[in-house]
Amino acid sequence: MTVSTYIPADITDPELHASGEVHQLWRWMRQHSPVHWHEPGDLPGFWSLTRYDHIRYVYQHPDLYSSAHGVLLRPTVLGEDPGSGLTMALTDPPRHRALRGQVADRFTERCARSLADEMRTEIRSVVTRAIEKGACDVVQDVGARLSSYSIARLLGVEPADREQLLQWSTEAFESGKPLTSHVPLMRFFIDMMYARMATPAQDAMGMFVNNDVQGELLTETEILLGVENLVGASENAGLAMAAGVFALGTHPQQWQRLVRERDGELVRTAVEEVLRWTSSATHSMRTATVDTVVQGQRIAAGDRVVLWMPSANRDESVFAEPDRFDLGRQPNRHLALGAGEHVCIGSTMARHQMRMLLQTLAELVAAIEPAGDMEPLRSITVNGPAYATVRLVAQ
Ligand code: HEM
């Protein structure tokens, strides 16, 4: 079997992702080259998987496709991710299961329900402030603010420190920022880590510090990498919320449907459709542990395999009219939150938050009007707006 390397555009070009034209490329690849080899350049060589079934299969076979050598494409000069083999996202079973178990209590349905009142109050206050601003940036004023508050509450950050945490994490995770921009955030978490060592608590930081994993406590490095993994991963939630609000603004009929049916079943399907449509995590990477064959292509042990989730979520063999934003879509078994062993641990929390945001918007807002520029992110890791100005018009 010859390996096809022809491709009509460069999938690693952030501009292609920012322009949205990457969807045309993914459509082409699903049809003509669903298992596609990319030669090494600044990035290492890798296989692209673009069809839903293949992507789901890889997610569900951590024995064949490992997470322990990184789950995101990185320029070769940077070497392996420092968290490789150490954090929940970057380990394989059985270590992965033990690490996930260490903090799992904080991510249950019961836990999300117990936080519902607090979350609803927070969302009302964020939406009210955004309405009062006139034109607001849905990324900073809504998405980032809500996701940062959630992660802060989860870790056990005091309410008084949450605004500061939002500012530091925005600086640290902005693309292209140097590693030194993580310093204030890490210093804050180091102090918190020592505080939990002195006085245990039942928040996620307390669990990282005091719950053992396979009989041993985590090292300080492992704790801090674990915390950073959580904070970085939760960025997806902010982007999905921001992109979701923007999508409602550009699909007025869907918005009006949400307002009419906000107390019914539609809200549940709407959450899933916003997750599918926004697919804020762009790719996951795995490393083959043995030689495998997918769609007639031989993937060798050690090869990197990249799964493009927005492509899976627009796969026409799974989703009817995949390019239509339809809040009532059913069934909708999208892969925006991954699948299998590493399925997003924050998914319950993210779904609750998205549902409450949609309900609050439908209750307080009459119209979502584009009110200025929308600048997309230039990234192959996450996608959504870098900023998007809208006017939330009060009821
Ligand atoms: C709409 C919101 C979200 C999206 C689209 C999203 C997406 C994903 C995806 C695709 C994965 C699988 C990665 C892989 O298998 O390599 C994942 C895993 C993960 N997510 Fe999320 N996520 C979201 C919200 C969150 C939140 C709110 C948190 C934390 C509070 C979080 C924390 C994590 C962690 C720690 C993992 C690794 C889990 C593991 O390896 O077992 N995510 N997420």
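So, how was this worked out
Along each chain, numbering runs from 1 in the same order as the chain's sequence is written. Only residues with pLDDT of 70 or above have their local features reported here, since the model is predicted, and side-chain atom pairs are shown and tallied only from 80 upward, although totals for entire chains, interfaces and linings are computed over all residues. Based on all heavy atoms of the structure, the side-chain values leave hydrogens and waters out of the count. Only buried Ala, Val, Leu, Ile, Met, Phe, Trp, Tyr and Cys residues count toward a nonpolar core, and they belong to the same one when joined by side-chain atoms within 4.5 Å. A simple rule labels every residue: compare its accessible area, found with a 1.4 Å probe on the protein chains alone, to the largest value its type can have, and call it buried under 20%, exposed over 50%, or partly exposed in between. The secondary structure listing takes helices from DSSP runs of H or I that are at least 4 residues long and strands from runs of E that are at least 2 residues long, numbered from the N terminus. It only takes one pair of heavy atoms within 4.5 Å for two residues to be counted as in contact. A cutoff of 4 Å decides nearness: a residue is near a molecule or strand if any of its heavy atoms lies inside that distance of it. For this analysis, a polar contact is any N or O atom pair within 3.5 Å, provided that within protein one partner can donate a hydrogen and the other can accept it, and provided that sequence-adjacent residues contribute only side-chain to side-chain pairs. Side-chain classes are defined by residue name, with Ala, Val, Leu, Ile, Met, Phe, Trp, Tyr, Cys and Pro counting as nonpolar, Asp, Glu, Lys and Arg as charged, and the others, Gly among them, as polar. Only N, O and S atoms count as donors, using a 2.8 Å cut-off from the metal and 3.2 Å for Na, K and Ca, and because water is excluded some sites may appear unfinished. Helix axes are fitted to C-alpha atoms over the stretch in contact, other axes to C-alpha atoms as well, and angles between N-to-C directions run from 0 to 180 degrees. Angle categories are assigned with fixed cut-offs, so that under 35 degrees is roughly parallel, over 145 is roughly antiparallel, 65 to 115 is roughly perpendicular, and the rest are oblique. Should the near helix be turned anticlockwise from the far one by less than a right angle, the crossing is left-handed, and should it be turned clockwise, the crossing is right-handed.

1. Examining the nonpolar core
Consideration 1: If you look at the biggest cluster of nonpolar residues, it comprises 77 residues, and the most contacted ones within it are Leu155, Phe189, Leu258, Leu357, Val365 and Leu392.
Consideration 2: If you tally residues by element for this core, the top one is helix α11 (residues 220-250), at 13 residues.
Consideration 3: In contact with Leu392, other than residues within four places in its own chain, are Ala130, Ile131, Gly134, Cys136, Val245, Leu361, Val365, Ala367 and Ile368.

2. Brief notes about unusual backbone geometry
With glycine set apart, most residues show a phi of negative sign, and most peptide bonds adopt trans.
Consideration 1: Pro93 connects to Pro94 through a cis peptide bond whose omega is 5°.
Consideration 2: Take Pro94: it is sitting in the loop between β3 (65-66) and α4 (95-103).
Consideration 3: Residues Gln330 and Pro331 are joined by a peptide bond in cis, for which omega reads -5°.
Consideration 4: Phi at Ser279 takes a positive value of approximately 30°, unusual for a residue other than glycine.

3. As for the site of the ligand
Consideration 1: Taken together, 29 residues lie near the ligand, and His96, Arg100, Arg286, His342 and Cys344 sit nearest.
Consideration 2: A distance of 3.4 Å separates an oxygen atom of the ligand from a polar backbone atom of Met88.
Consideration 3: Interatomic distance of 3.4 Å between a side-chain N/O atom of Ser284 and an oxygen atom of the ligand.
Consideration 4: Of the residues forming the shell around the ligand, the biggest block, six residues, is contributed by α11.
Consideration 5: Looking at the shell around the ligand, its residues break down into 18 nonpolar, eight polar and three charged.

4. Details of the coordination of the iron atom of the ligand
Consideration 1: Exactly one protein atom donates to the iron atom of the ligand; that atom is Cys344 (SG), 2.3 Å from the metal.
Consideration 2: With respect to the secondary-structure elements, Cys344 resides in the loop between α14 (309-312) and α15 (347-364).

5. Regarding the packing of helix α6 (residues 116-132) against α15
Consideration 1: Put simply, α6 and α15 touch, their axes get as near as 9 Å, and they point 45° apart. Classified by the angle their axes make, α6 and α15 are oblique. Handedness of the crossing formed by α6 with α15: right-handed. When α6 is examined against α15, the residues Ala116, Met119, Arg120, Ile123, Arg124, Val127, Thr128 and Ile131 are found in contact with a partner set consisting of Met349, Gln353, Met356, Leu357, Thr360, Leu361, Glu363 and Leu364.
Consideration 2: For the contact of α6 with α15, the residue count by class is 10 nonpolar, three polar and three charged.

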